Structures are given as C-alpha cells and as structure tokens.
Number of protein chains: 2
Amino acid sequence: MRLSRSFLPTLKETPADAQIVSHRLMLRAGLVRQTASGIYAWLPAGLRVLRNISQIVREEQDSVGAQEVLMPTLQPAELWKRSGRYDAYGPEMLRIRDRHERDLLYGPTNEEMITDLFGQAVKSYRELPQTLYHIQWKFRDEVRPRFGVMRGREFLMKDAYSFDVDHAGAVASYQRMMLAYLRTFQRLGVKAIPMVADTGPIGGELSHEFIILAPTGESGVFYDGALDEQDWLHEPVDTDDHASLDTFFRRTTSFYAATDEKHDQAAWSDIAPDRQREGRGIEVGHIFHFGTKYTEAMGVSINGADGQSFFPEMGSYGIGVSRLVGAIIEASHDDAGIIWPEGVAPFDAVILNLKSGDLACDALCERLYREAPGRLLYDDRSDRAGAKFADADLMGHPWQFVVGPRGTAGGRVELKRRATGERSEMSVDDALAMIAAFGTKAAS
Amino acid sequence: MRLSRSFLPTLKETPADAQIVSHRLMLRAGLVRQTASGIYAWLPAGLRVLRNISQIVREEQDSVGAQEVLMPTLQPAELWKRSGRYDAYGPEMLRIRDRHERDLLYGPTNEEMITDLFGQAVKSYRELPQTLYHIQWKFRDEVRPRFGVMRGREFLMKDAYSFDVDHAGAVASYQRMMLAYLRTFQRLGVKAIPMVADTGPIGGELSHEFIILAPTGESGVFYDGALDEQDWLHEPVDTDDHASLDTFFRRTTSFYAATDEKHDQAAWSDIAPDRQREGRGIEVGHIFHFGTKYTEAMGVSINGADGQSFFPEMGSYGIGVSRLVGAIIEASHDDAGIIWPEGVAPFDAVILNLKSGDLACDALCERLYREAPGRLLYDDRSDRAGAKFADADLMGHPWQFVVGPRGTAGGRVELKRRATGERSEMSVDDALAMIAAFGTKAAS
C-alpha cells in the first residue's frame with residue numbers, strides 16, 4: 001500500500017480520553033476510530049490485524065476438526081425464553097423490537113441458537129462428535145464502555161460449541177480445544193497461560209481461561225515458568241485419541257497457574273523459586289464444559305446406539321478476536337509505539353523513502369515495493385525523514401527498509417528490526433530476496 | 001471434509017414455505033437455515049460460498065485501488081440526523097435504543113458514517129482520490145421478507161465510497177468501479193449486464209445497475225448480444241488514465257441494455273435481430289455518482305490546491321453478497337439441484353464412495369481425499385449409492401469422482417462433470433493429478 005494515497009491517519013497528539021496504552025496506540029496508529037460509545041470502525045491497518053488474527057484462529061479451529069458456520073447477529077427473543085436466559089441476562093443484552101413488534105436481541109453469545117440449529121439437523125449418535133464455530137460480531141451493552149476495543153460494546157468473537165455422545169467424549173472435545181487455543185496464542189506471538197476458572201453464568205463443571213501476560217493486565221497472575229518453555233505447535237498429540245489428549249491435558253494443567261483470586265500460597269511455595277513467575281494478565285479466551293445444561297433446557301435430544309434418545313453433552317469455547325488486538329498491543333509495545341508480532345502485523349515491512357522526489361531513491365523504492373506490494377507499506381510521502389521514522393515506529397511494522405540518497409548511490413539499503421531496534425546494511429539484492437519471501441506467505 | 005462427520009444437513013423434502021427455486025435449493029442442500037423471519041444462519045457449505053464470493057469481490061475492489069475498512073453494524077442516530085435521512089428513511093430502518101436511552105440503528109447503508117470518518121481523517125486535496133469499501137452485515141426491516149437470502153432482513157453487502165477532488169475525478173472513479181464490477185461478475189461465473197438506472201433516494205446523476213440473467217428474474221431485460229462476447233478480465237484498460245477509462249466506459253455503455261421499465265422499442269429495433277437478447281434478470285449490484293450531496297449535508301470539506309476549501313465529490317457502489325448466493329443458483333441449476341460455477345463452489349469436487357466399508361474402495365477414496373482435503377467433500381457415509389448421487393447433484397459440486405468396487409479393482413475412477421452430465425473414466429494417477437491441481441488454487 002502506498003501511504004500517500006492510503007487511509008492510514010496517524011495522530012501526533014495522544015487522545016485525551018484514552019486511558020490505556022493500547023487504546024491510545026490504536027487511535028494514534030490509525031487502526032480504529034470510535035463511531036459511538038464502545039463502537040469502533042476498523043480502518044485499513046486495523047482491519048488487516050483483525051483478519052490476520054481471525055485467520056490464525058480459524059486455521060487452528062479447523063485443524064482440530066471444528067467446522068465453521070456463521071450465525072446472524074440478531075436473534076429472536078423466543079430462543080432465549082426457551083433456555084430461561086432472556087429474563088436472567090440483564091441490561092447488557094441489547095433488546096430490539098422490529099416493525100412487527102417482534103422481540104429480537106443482538107446476540108451476546110450463541111449457546112441457544114447453535115443448540116437449536118444442531119437439534120434441527122442432527123438426529124443420530126452416529127453423527128457425533130461435532131464442534132461448530134463462528135467468528136461473528138456480538139454486542140454487550142456495557143454500562144461504561146472503556147479501554148477501546150478491550151471492553152467495547154460491539155466486538156468480534158470466535159465462539160465454538162461441541163456436541164458429544166457422553167461425558168468422556170465431551171472431555172476429549174474440551175481437551176482438543178485447549179490444545180487449539182494454546183497453538184493459536186503461540187502463533188499470535190503472545191504468551192497465554194491457561195488458568196482454572198469459575199464457570200459463572202454459563203454453568204458447568206470444567207473451565208479454563210487464557211490469560212495474556214501484559215504489565216497493564218487487569219488481574220495478577222502466578223504461574224510455573226515451565227509453561228513458558230512449552231512449544232504447543234510441536235506437541236505430539238493425536239487429537240483422535242482420548243488417551244493421547246488426556247496425557248497432554250494432565251501434563252499441561254499440572255503446572256501451577258492461578259489468578260490472584262484463586263492463588264494458593266502453599267502450592268506456590270512448592271515451586272522452585274527460579275520457576276516462580278508473577279505478573280499481570282488480560283483474559284482473551286475462556287473454555288467451558290457444561291454437559292447437558294442447554295440441550296436439556298432447549299429439549300434437544302438425539303437417538304443413541306441403544307435406541308434410546310439422550311441429551312448430548314456440550315462445551316463452549318470463546319476467543320475475543322477484537323479484544324486480542326488491544327491485548328497484543330498491551331503485551332508488545334514501547335514508548336515509540338506498537339511492536340507487532342510477525343504473524344499479526346498489518347504489513348510485514350515498511351519502505352521508508354527518505355527523499356521522495358529523488359529519481360534514484362524513488363526508483364529503488366518502487367523496485368522493492370513491486371516485489372510484494374500486498375505485504376508492504378511504502379511511505380512515499382514528501383514528509384521529512386523524522387516524521388516517517390516516527391510513524392513507522394508508531395505503526396509497529398516488524399521490519400523497516402530505509403532508502404536514502406547515500407545508500408542508494410552505493411547500492412545499499414538499511415534494515416531496522418522494530419522489536420530490537422537492531423540496524424544493519426544490506427545489498428539491494430538481499431533486500432529484494434527478503435521481501436520476495438514475504439510474498440510467498442499465504443495471503444491474509 | 002468428511003460428510004459423515006459434517007454439518008451438511010440435506011433435506012429430501014421440498015420445504016413448503018420456499019417460493020423460489022434458489023430458496024428451496026439452499027434449504028435442501030443444507031446451505032442455510034432460517035433463524036427468524038428474513039434472518040439466516042449460514043451452515044458450513046453456505047458459508048464457503050459466501051466467503052468465496054466475498055474474496056472475489058475483495059480482490060477486484062483491491063485491484064482498482066479501493067481500500068478495505070470495516071464499519072460497525074450499529075450506528076448512532078445522530079449521524080443520520082446530520083444528513084437529514086433519519087426521519088426520511090421510514091420503517092425499513094431498524095431503530096434501537098440502548099440502556100442509556102441513546103438512539104442507535106442497524107446500518108442499512110453507510111454514506112453518512114464513511115463521510116464522517118473520511119472528514120475526520122483527510123484534510124488535503126493531495127490525499128485524493130480515495131475509495132473505501134467494506135463487506136459487512138446490514139439490516140433492512142422488510143415488511144414481508146421472502147425469497148430466502150434474496151430478500152432477507154440481515155444481509156451481507158459490499159459497499160464502496162469514492163472521494164474525488166472534482167467531477168472529472170469522480171467520473172473516473174465511477175468508471176473504474178464499473179470495470180471492477182464487470183470483472184467480479186465474470187469471475188463469479190455469471191452474466192451480469194450493466195443497465196442505466198434511476199438514482200432514486202440515494203440521489204445523483206449517474207447510475208447503473210448490474211443484472212444477472214436468470215429465467216426467474218424479477219424484471220424483463222433487453223440487451224445487445226455483443227455484451228455476451230466481452231471478456232472484461234482481459235480488457236486492456238489503464239485504470240490510472242482517465243482517457244483509457246473513458247474509452248472503455250463509452251464502448252461498454254454504447255451497447256443497448258435496458259430493463260422493461262426503460263425499454264426503448266425504437267432503439268431496440270436498430271439492433272441486428274441476431275444480436276437482440278431478451279430475458280429476465282435479478283439486480284445484484286448498483287453504482288451511483290452523486291457529487292457533493294453527502295459531503296455538503298455533513299459539512300465535510302477539505303483544503304484545495306488553491307487554498308480554498310471544497311466539498312469532495314462522492315460515489316457509492318454496492319454488491320449484494322448474500323443475495324448473490326441465491327442469484328447465482330437462480331442462474332445456474334437444473335431439476336436435480338445446484339450447478340455451482342467453479343469459482344464459488346463450496347467444494348471443487350466430491351468423492352463418492354459407492355461401497356463404504358469395502359477395504360479397497362475405502363483405501364482408494366482416502367488416497368484421493370488426502371490429496372486436497374480442504375477443497376474436497378468425501379461422501380464416506382454408509383448410505384446407498386442412489387442417495388449419494390442425489391445429494392451430490394443437489395449440492396452442485398462441479399466434479400464428482402465416483403469410486404466403486406469394479407473400477408477400483410481395475411485402477412479406474414469415474415468422473416462426472418455436474419454442469420454437463422458428461423461422464424468419463426480415468427486412471428487413478430490422472431484423478432490424483434486433477435485433484436492436486438485443486439489444492440494449488442489459493443485457499444478461499
């Protein structure tokens with residue numbers, strides 16, 4: 001994308017009403033703009049991050065056999081009356097009446113709707129297990145929306161729902177999803193620690209939340225540093241095999257990890273001091289097993305192997321996709337701006353033309369840019385170099401290719417790595433080869 | 001995807017309340033389920049089609065320089081009061097009040113919001129032209145929703161908005177978008193004819209609608225058969241050059257094309273009889289140039305080259321993405337079911353195992369399936385062959401690989417092409433090679 005003709009409006013001033021660093025940086029870097037309290041429009045760079053995250057989430061859901069669907073944003077009130085949650089949900093549910101005076105609501109979650117869709121379509125135990133998910137906008141009418149997309153009202157969430165014949169199957173589905181979550185967060189470039197959680201209003205008996213470590217996090221966390229050394233992407237788990245899943249799950253949950261609410265000082269002191277990790281964290285995912293709570297309430301039963309009908313066991317599994325954009329920035333920034341992990345960055349690199357209008361600089365920049373225009377931002381503005389450096393650091397591209405008159409004359413390009421600040425010089429051919437490699441990644 | 005474990009519920013009976021063929025086939029093929037009047041959930045096969053269409057739309061928007069954003073579904077009423085459309089819009093606008101008694105609405109279109117976002121960010125003529133688009137769910141509270149996704153209430157639309165310095169620039173933006181639309185529809189595998197249209201409530205002076213030919217279409221159409229022979233994908237147009245755009249536009253609009261409302265018998269009779277085409281059609285896109293109507297109403301002006309501020313000229317450009325799913329089926333089906341064009345099909349091919357449980361058939365099917373599992377549906381159910389053939393025709397996969405005991409013993413696979421019904425036999429190696437080629441297409 002050429003910056004001179006792009007809708008990437010950065011701000012020099014810090015917006016006064018933004019209380020946390022991710023909110024300030026998202027506004028300053030031109031990722032989002034607020035359109036109403038707790039409601040945001042995603043500008044091109046922000047949308048690219050949102051889609052990169054969504055795609056990683058999607059691939060890891062698919063890889064454990066979950067199937068993607070797309071449920072609508074608006075739901076009939078009648079569905080929620082069947083489960084008993086319509087009256088219980090409270091003022092966070094946005095209730096809507098249409099022109100025919102029928103009651104609708106903007107879905108805050110989808111247990112009722114998916115259970116109903118599943119029950120209409122699936123009749124036999126032979127079709128189980130199934131896990132269905134969607135990535136869709138939801139609405140919770142927060143009394144005081146704040147922290148930008150971290151606690152907005154209209155937000156993007158991945159929610160998955162598993163249906164199993166029995167308790168053992170449901171536990172395997174839960175364990176499979178825990179693996180998918182750990183892999184997802186690893187690919188997103190953040191550390192996310194699974195913590196035993198209360199099940200709360202969703203109900204059920206088994207629940208974990210996933211907490212990203214960030215100094216500005218909402219809750220204190222304590223965990224065993226051995227968790228930091230796990231490589232979930234290469235963890236050898238056969239997700240079709242209950243015993244293999246169970247071995248993975250037992251090992252993963254054997255490491256101590258707790259938020260301050262559930263912290264157990266005695267268990268903590270059993271961990272070797274050099275492995276004790278304390279910090280703060282932000283919840284970005286939550287998984288639940290809740291058995292037959294919704295299938296029973298909605299009257300959804302299917303035929304069993306013995307000819308008797310039964311209520312399938314369910315679990316639900318959420319990831320806050322739009323919240324993650326803020327949470328990743330909370331976990332990865334410095335005073336100059338955002339430091340995007342490579343998997344989620346809106347652009348792999350920026351090309352900084354230090355002398356736009358200079359024939360040689362322009363020609364070299366164009367040559368670099370044409371190698372992978374879909375993955376690069378080209379700062380072709382006529383601004384001074386200092387403004388370009390500042391915007392590049394603010395926007396947080398993983399790599400900066402700096403093209404100035406002196407280097408161009410010598411056939412050299414300067415490369416800066418945003419995460420470390422490291423600078424090096426390279427030949428034009430090496431720069432072209434590095435950029436060509438960006439282009440071979442899957443389109444986001 | 002393995003059919004035995006997939007959420008692809010086909011129906012044998014024709015749903016009684018579905019009046020048109022695309023609605024019936026979308027329900028029967030398990031693409032969607034209605035969740036409330038005019039509101040649908042997209043099941044895995046339907047969602048794949050919706051995403052394939054969205055991706056083609058996106059690529060062609062990007063290729064003429066439009067930038068993707070994502071505006072929220074809910075909008076503050078205040079924006080629409082500024083343009084004067086809040087009171088004018090009528091009962092199709094879904095009006096919502098939040099817990100703080102603030103008026104919101106579910107966006108039926110986005111002229112107001114994009115004009116406001118643009119005005120906040122862009123200050124100088126140097127940053128023009130810009131075209132912004134998004135693909136987002138919208139809501140129109142139709143008094144009588146019908147025809148399935150063809151006239152639903154919650155629907156997915158691509159809407160683009162161009163901003164230009166002057167009238168000549170705005171016309172070029174309009175012409176660029178016409179080219180993008182013609183290319184989009186060609187890639188979708190449908191014939192879409194551009195017709196001069198009235199501008200209606202959006203206002204403006206220049207407008208075309210794009211009509212897909214389908215025998216069940218809502219309006220009669222008359223056009224010059226020369227339009228059928230155009231290849232827009234290879235039309236040599238330099239989209240940065242106004243003269244080149246204008247040549248393309250004049251030539252394209254010189255061919256006679258009109259709906260029955262605007263049909264001109266005299267002009268029609270000037271066309272050579274062998275080029276006269278009559279049919280019926282469904283509107284799937286609409287483009288407008290309306291000048292400064294919204295920038296003036298919203299008070300959005302920017303600084304000109306002469307130091308004076310001016311109101312940018314705008315156009316807006318819509319494609320009904322969810323409507324297209326129905327419209328493509330209206331244009332492409334037979335008595336047995338859907339005939340998906342290759343670019344939008346949920347799966348490139350189905351593998352029909354005529355004897356599930358037979359070791360040799362199972363092994364051969366697995367071998368074929370593993371070559372490109374993301375692009376194939378594998379019918380591994382234990383149903384009888386007739387049911388599998390019927391479902392394959394109903395679901396409309398472009399190719400069917402038929403694996404039976406006799407062919408397997410001889411190392412042969414039968415191939416059926418859905419569009420023509422043509423059957424041929426091929427070696428296993430040729431089948432593997434053909435399937436491998438599906439896998440090399442970009443992931444959808």
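Every chain's residues receive numbers from 1 upward, in the order its sequence appears when written. Chains and ligands are labelled sequentially in the order written, the chains with letters from A and the ligands with numbers from 1. With pLDDT at 70 or above as the cut-off, local features in this predicted model cover only qualifying residues; side-chain atom pairs require 80 or more to be listed or tallied, and sums for whole chains, interfaces and linings still use all residues. The side-chain figures draw on all heavy atoms in the structure; neither hydrogens nor water molecules are used.

Chemist: Go over the overall build of chain A with me, naming the residues and quoting the values.
Modeler: When you go through chain A residue by residue, the secondary structure sums to 14 helices and 23 strands. Here the C-alpha atoms of chain A give a radius of gyration of 24 Å, agreeing with the 22 Å that 2.2 N^0.38 yields for 444 residues. A principal-axis box enclosing the C-alpha atoms of chain A has dimensions of 80 × 60 × 40 Å. Exposure categories follow from relative accessible area, calculated using a 1.4 Å probe and restricted to protein chains: below 20% of the type maximum is buried, above 50% is exposed, and the middle band is partly exposed. Relative to its full complement of 444 residues, chain A shows a buried share of 61%. Where accessible areas are quoted, they stem from the Shrake-Rupley method and a 1.4 Å probe; at the residue level, only the protein chains shown are allowed to cover. Taken as a whole, chain A presents about 17,100 Å² of accessible surface, with 47% of it coming from carbon and sulfur. Charge assignment in this entry is limited to Lys and Arg as positive and Asp and Glu as negative, and neither His nor the chain termini are counted. We put the charge of a Lys on NZ, of an Arg on CZ, of an Asp on CG and of a Glu on CD. In chain A, 51 positive and 64 negative side-chain charges are present, and the distance between their average locations comes to 7 Å. What counts as a helix is a DSSP run of H or I of at least four residues, what counts as a strand is a run of E of at least two, and both are numbered from the N terminus. Put simply, the radius of gyration uses C-alpha atoms, and a globule should come to 2.2 Å times the residue count raised to 0.38.

Chemist: Give me the domain arrangement of chain A: which residues, what numbers.
Modeler: Residue and element names in this part refer to chain A. Where each domain begins and ends follows an automated or database-derived domain assignment. Split into domains, chain A comes out as domain 1 (3-338) and domain 2 (349-443). Of note, the centres of domain 1 and domain 2, computed from C-alpha atoms alone, are 37 Å apart. Any pair of residues with heavy atoms lying within 4.5 Å of one another is described as a contacting pair. With 14 residues of domain 1 at the contact, the number on the domain 2 side is 12 residues. Put simply, buried area is how much 1.4 Å-probe accessible surface two parts lose in total, over both of them, once they are put together. Carbon and sulfur atoms supply 57% of the area that domain 1 and domain 2 bury against each other, a total of about 1,100 Å² over both sides. Three residues, Leu-3, Thr-10 and Ile-338, lead the burial of domain 1 against domain 2; their summed loss comes to 46% of the area buried on that side. Each reported salt bridge corresponds to a side-chain nitrogen of Lys or Arg within 4 Å of a carboxyl oxygen of Asp or Glu. Where domain 1 packs against domain 2, one counts one salt bridge. We define a polar contact as two N or O atoms separated by no more than 3.5 Å, with the added condition that, inside protein, one atom must be a possible hydrogen donor and the other a possible acceptor, whereas residues neighbouring each other in sequence contribute only through side-chain atom pairs. Here domain 1 is connected to domain 2 by nine residue pairs in polar contact (both at pLDDT 80 or more). Residues are sorted three ways: Asp, Glu, Lys and Arg are charged, Ala, Val, Leu, Ile, Met, Phe, Trp, Tyr, Cys and Pro are nonpolar, and all the rest, Gly among them, are polar. For the side of domain 1 that touches domain 2, the class distribution of residues is eight nonpolar, three polar and three charged.

Chemist: Account for the sheet that holds strand E22 (residues 412-417) of chain B, with residues named and values stated.
Modeler: All names here are of chain B. By this definition, two strands are paired if DSSP reports at least two bridges between them. With mixed pairing, the five strands of this open sheet are ordered in space as E20-E19-E21-E22-E23. At either margin of the open sheet sits one strand with a lone partner, and together these are strand E20 (376-379) and strand E23 (423-427). Along the sheet, successive strands turn relative to each other by an average axial angle of 25°, direction set aside. All axes are obtained by fitting lines to C-alpha atoms, using only the stretch in contact for helices, and the reported angles, taken between N-to-C directions, cover 0 to 180 degrees.

Chemist: If you had to explain the packing of aromatic side chains to someone new, which residues and values would you point to?
Modeler: Any pair of Phe, Tyr and Trp rings, taking the six-membered ring for Trp, is counted once the centres come within 6.5 Å. Such a pair is stacked with planes under 30 degrees apart, edge-to-face with planes over 60 apart, and tilted for the rest. Summed over all chains, the structure comprises 27 aromatic pairs over all chains. Both rings, one in Tyr-181 of chain B and one in Phe-210 of chain B, keep their centres 5.2 Å apart while their planes meet at 50°; by these two values the pair is tilted. Linking Tyr-181 of chain B in helix H6 (residues 167-188) with Phe-210 of chain B in strand E10 (residues 206-213), this pair joins segments that are 29 residues apart in sequence. On the basis of relative accessible area, Tyr-181 of chain B is assigned to the buried category, the value being 0%. A residue is classified by how much of its surface remains accessible, and Phe-210 of chain B, at 0% relative accessible area, is buried. Aromatic pair Tyr-256 of chain B and Trp-268 of chain B: ring centres 5.6 Å apart, planes at 50°, arrangement tilted. Of this pair, Tyr-256 of chain B sits in the loop between helix H7 (242-254) and strand E12 (257-259) while Trp-268 of chain B sits in helix H8 (residues 265-269), and the two are 12 residues apart along the sequence. For the residue pair Tyr-256 of chain B and Trp-268 of chain B, the accessibility class agrees, reading buried in each case. The structure contains a cluster of three or more aromatic residues connected by ring pairs, namely Tyr-106 and Phe-139 of chain A together with Tyr-106 and Phe-139 of chain B. Only when the NZ of Lys or the CZ of Arg is both within 6 Å of the ring centre and within 35 degrees of the ring normal is a charge said to sit over the ring. Sitting over the face of the ring of Tyr-86 of chain A, Arg-95 of chain A holds its NZ or CZ atom 4.7 Å from the ring centroid.

Chemist: Mind laying out the interface of chain B and chain A, listing which residues take part and the relevant values?
Modeler: Where the parts come together, the accessible area they lose is often given as the size of the interface. Opposite the 62 residues of chain B that make contact, chain A presents 61 residues. Between chain B and chain A, a total of about 4,800 Å² is buried, with carbon and sulfur atoms accounting for 60% of that surface. Between chain B and chain A we count four salt bridges in total. Glu-68 of chain A is paired through a salt bridge with Arg-51 of chain B; the nearest N and O atoms lie 3.2 Å apart. One can count 24 residue pairs in polar contact (both at pLDDT 80 or more) joining chain B with chain A.

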